[in-house]
Structures are given as C-alpha cells and as structure tokens.
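Descriptive analysis of the structure
Listed below, chain by chain, are the residues.
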Amino acid sequence: MSGLRHLPVLLNEVRAAVAAAPGDIIVDGTFGAGGYSRALLDAGATIIGIDRDPTAIADAGAMRAQFGARLRLVEGRFSRMAEYVDGPVDGVVLDIGVSSMQIDTAERGFSFQKDGPLDMRMEAAGPSAADVVNRLKPGDLARVLSFLGEERQAGRIARAIEARRAERPFETTADLAGLVGKVLGRRPQDKIDPATRTFQALRIYVNDELGELMNALVAAEAILKPGGRLVVVTFHSLEDRIVKRFLRDRSQAASQSRHLPDLSHEDATFATRNKAEGGTAEEIAENPRARSAKLRSAVRTSVPARQGPHAYRFFDLPALAALPQSGAQR
C-alpha cells in the first residue's frame, strides 16, 4: 500500500487557512498519507496525526523517522481527538472522506473499479458492507441509499437486493455493482457509474462518517485555543452541509430566533468564517478529486466551548451496532 500515490487536495488553501507557525501544535484528524501533516511540519509545527485506518499509521515510518518528536501518530477516530491531546491546540485540520489509497486497494472493498470483498470498513472491525447489504431490512436499506447516497431509485435497488440475497448473499464489490447496474441501466450521457451512489451510501453508513464528522467538530471546538483555526475539506453535499451549519450556528452570538432555540443564551465560539471551492485547473487536471472539494475554515474565539450533546440531527437511520454480522467479512 505504501507505493500508492495520494495527492492532498487543496494543499495550498489548507496551508494558508491553518497559517501554521514554528512551535504551533496542530491536530491532523485525517492523517492518511500525511500530505497535510508534511506541509505543516515543514512550516515548523508539531503535529498530532490521527487515523482510524491502521495501515495509514503503519505506513508512516519514514515520516516518523524524519520529523521525530514533532510528529505524534494516534490510531483512533478523529471524533475522539480531545482524548489524544494534553492541552489547547493551535489548529485542527480534517479531510473528510475515503483516501485514494483505500480506493485503490481492492482488498478493502471501497470501490467497484476493482473487484474485491464487499468490506468498506476503515478500521477492519464491526459490520461490513456485506453485512449491511445481506442483513439490513429492505426498507431501512432503501433509507440508507436514499439519504446517504442521494439515490433516487433507492427503493428499486433495495427490492432487487432483497430478491437476489434470498438466493445467495453478496460477497464482492463486482457482484453488487453488477446488480445495481442491471437495475438502473446506464445511458450514454451519464457521467458516473450507476453504482456510485450506492457505494457512497454504504461506505458512509458502515463507517458512520457523518456522525464522526459532527462529533469531530464539537471536539475541535473543545480543544482549540482562542485564535486557533479549524479547517475542514469536504467532498459532497452531506458533509459540507454539516460543516456549514455547524460553523454558521457556532459563529452566531446570542439570538432569540425561534429557529435556533438552543443558541438563545450562547455566544459565538467561532468567527471569521471562510470558504474555498474546488482546486485550480492545474490541480484538477492532476487530481480529479479536487473538483468537488470544498474548504471551510473558522477562527476560535475566547468563548468557552458549548456543553452537552450536539444540537443537530441530520438523519434517522437504524443503528449499525445492532446489525447482526454474517461473519464472512470479519
């Protein structure tokens, strides 16, 4: 896996938004191949790199040797970043979504471009995508595909999956992609493969990516010092909507709006919000992922972090933890 090339998206924009200085402590909550971390280390910062994928941590030996004590790596979830730091930090950087190394490794089962086991788990633990497809109730599966994949034909796909799995379970990415392709067909003008939205939905659901993002934003608010910077790069509308709403509401001072009753007694915890969309033409030509990328950033104020559970609920889906596992992908 270490031989695969990963290009960090919007690197110049991220570097400018973080504005790292020598001695700063920055949390890179999605370490991956270390693209952002390396740029910030080169600026003199100390990095706490977090990744839930054990292979990302294992492949970082060369960077550890190069930067020594200025790079500390943690195998864990960025939603729990507050547990991994000893005090306030100067910045938090998050690159939301699956990395190119994960997509390009067929054994991980993230992509239908290369046939592999229907897995998609970043941590190689818990229910897999095969467990979801083979065991989730059709109505719940349709809701997952509709909301997390924004798939308009979710009901048709779920019914077709139910009928096929009664004969034999789904085990590979090609198997599932083939069925979705038969259900939806593909017109010459279609820009994406018909299975794209289904695979996106399953990946987000299996890894609880939206829940992790919401919790990570709250954790970042708690650990950033006044003047500290939060920088988040997203790749689709669901992620961006969460970040946009969080920063919008957290940057509003006391309000009597009936739409924000939970903020009526609060002051702004973030200020100076900024946004950047997509990369340059040159970056997009080299790295197509940059086309859909959006960067949002904000600066932490001196107001204490909000207390209590996250105020927003973006979806109502069955708990993945309650899903029985088939054992095939464990």
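Residues numbered from 1 in each chain as written. Predicted model: local features only at pLDDT ≥ 70, side-chain atom pairs only at ≥ 80, totals over all residues. Heavy atoms only, no water.

By the naming in an unreviewed UniProt entry, the protein is Ribosomal RNA small subunit methyltransferase H, taken from Aureimonas altamirensis DSM 21988. Under the heading Sequence similarities (unreviewed entry), UniProt records this for the protein: "Belongs to the methyltransferase superfamily. RsmH family." Of the protein, the UniProt comment under Catalytic activity (unreviewed entry) reads exactly: "cytidine(1402) in 16S rRNA + S-adenosyl-L-methionine = N(4)-methylcytidine(1402) in 16S rRNA + S-adenosyl-L-homocysteine + H(+)". (UniProt positions renumbered as here; feature names shortened; annotations may be inferred.)

Looking at the packing of aromatic side chains
Under the criterion given, the structure shown has one aromatic pair. Where F246 meets F270, the ring centres are 6.1 Å apart and the plane angle is 65°; that geometry is what we call edge-to-face. Here F270 lies in strand 6 (residues 270–277) and F246 lies in helix 12 (residues 237–250), a separation of 24 residues in the sequence. As far as burial versus exposure is concerned, F246 and F270 are alike and both buried. Positioned above the aromatic ring of F170, the side-chain terminus of R164 is 4.0 Å from the ring centre. Here the basic side chain of R300 rests over the ring of F270, its NZ or CZ set 5.9 Å away from the ring centre. (Phe/Tyr/Trp six-rings, centres within 6.5 Å; stacked < 30°, edge-to-face > 60°. Helix = DSSP H or I, 4+ residues; strand = E, 2+ residues; numbered from the N terminus. Buried < 20%, exposed > 50% of the residue type's maximum accessible area, 1.4 Å probe, protein only. Lys NZ or Arg CZ within 6 Å of the ring centre and 35° of its normal.)

Details of the packing of helix 11 (residues 209–223) against helix 12
For any two helices packed against each other, the geometry is given by the interaxial angle and the distance between the axes. Following both chains from N to C, one finds helix 11 and helix 12 inclined at 25°, their axes separated by 10 Å at the closest point. As judged from the angle between their axes, helix 11 and helix 12 are roughly parallel. Considering only the axes of helix 11 and helix 12, their crossing is right-handed. Contacts between helix 11 and helix 12 involve E209, L210, L213, M214, L217, V218 and E221 from the first element and L238, E239, I242, V243, F246 and R250 from the second. Broken down by class, the residue content of the contact of helix 11 with helix 12 amounts to nine nonpolar, no polar and four charged. (Axes fitted to C-alpha atoms, helices over the stretch in contact; angles between N-to-C directions. Parallel < 35°, antiparallel > 145°, perpendicular 65-115°, else oblique. Left-handed = near helix turned anticlockwise from the far one by under 90°. Contact = heavy atoms within 4.5 Å. Nonpolar A, V, L, I, M, F, W, Y, C, P; charged D, E, K, R; others polar.)

Concerning the sheet that holds strand 4 (residues 89–95)
Spatially, the seven strands line up as an open sheet ordered 3-2-1-4-5-7-6, and their pairing is mixed. Pairing within the sheet leaves two strands with one partner each, and these edge strands are strand 3 (71–75) and strand 6. For this sheet the average axis-to-axis angle between neighbouring strands, irrespective of direction, equals 15°. In the sheet, strand 6 pairs with strand 7 (residues 294–300) via six bridges, with the strands oriented antiparallel. Bridge pairing in strand 7 places A276 opposite L295. Of the strands in this sheet, strand 5 (224–234), strand 6 and strand 7 are in contact with helix 12, which crosses strand 7 at around 25°. (Pairing = 2+ DSSP bridges.)

Considerations on the pairing of strand 4
Counting buried positions along strand 4 gives seven out of seven residues, so the element sits mostly inside the fold. In this sheet, strand 5 lies alongside strand 4 in parallel orientation, the contact comprising six bridges. Pairing of D95 across the sheet is with V233, part of strand 5.

Here's the deal with the side chain of D53
Relative to the helices and strands, D53 is located in the loop between strand 2 (46–51) and helix 3 (54–58). The class of D53 is buried, set by a relative accessible area of 2%. In this structure the side chain of D53 is engaged in a polar contact, spanning 2.6 Å, whose partner is the side chain of T55. (Polar contact = N/O pair within 3.5 Å; in protein donor to acceptor, adjacent residues only side chain to side chain.)

Considering the confidence of the model for the protein
Scored by pLDDT, the protein has a mean of 84; 81% of the residues are at 70 or more. Ranking the elements of the protein by mean pLDDT puts helix 5 (residues 100–104) last with 47 and strand 1 (residues 25–28) first with 98. Considering only residues more than four positions removed or in separate chains, one finds that residues 100–110, a stretch of pLDDT under 50, has 42 contacts. pLDDT under 50 marks residues 254–265. Its contacts with residues more than four places away, or in other chains, come to 12 contacts. (pLDDT = per-residue confidence, 0-100.)

Side note on the environment of F78
Locating F78 in the fold gives a position in the loop between strand 3 and strand 4. Expressed as a C-alpha distance, the spacing of F78 and F31, which sit 47 residues apart in the sequence, is 9.7 Å.

A few points about the UniProt feature "binding site: S-adenosyl-L-methionine" (unreviewed entry) in the protein
Listed under "binding site: S-adenosyl-L-methionine" (unreviewed entry) in the UniProt record, and renumbered for this structure, are G34, G35, Y36, D51, F78, D95 and Q102. Mapping G35 onto the fold places it in helix 2 (residues 35–42). In this structure G35 touches P8 and L11, once residues within four positions along its chain are discounted.

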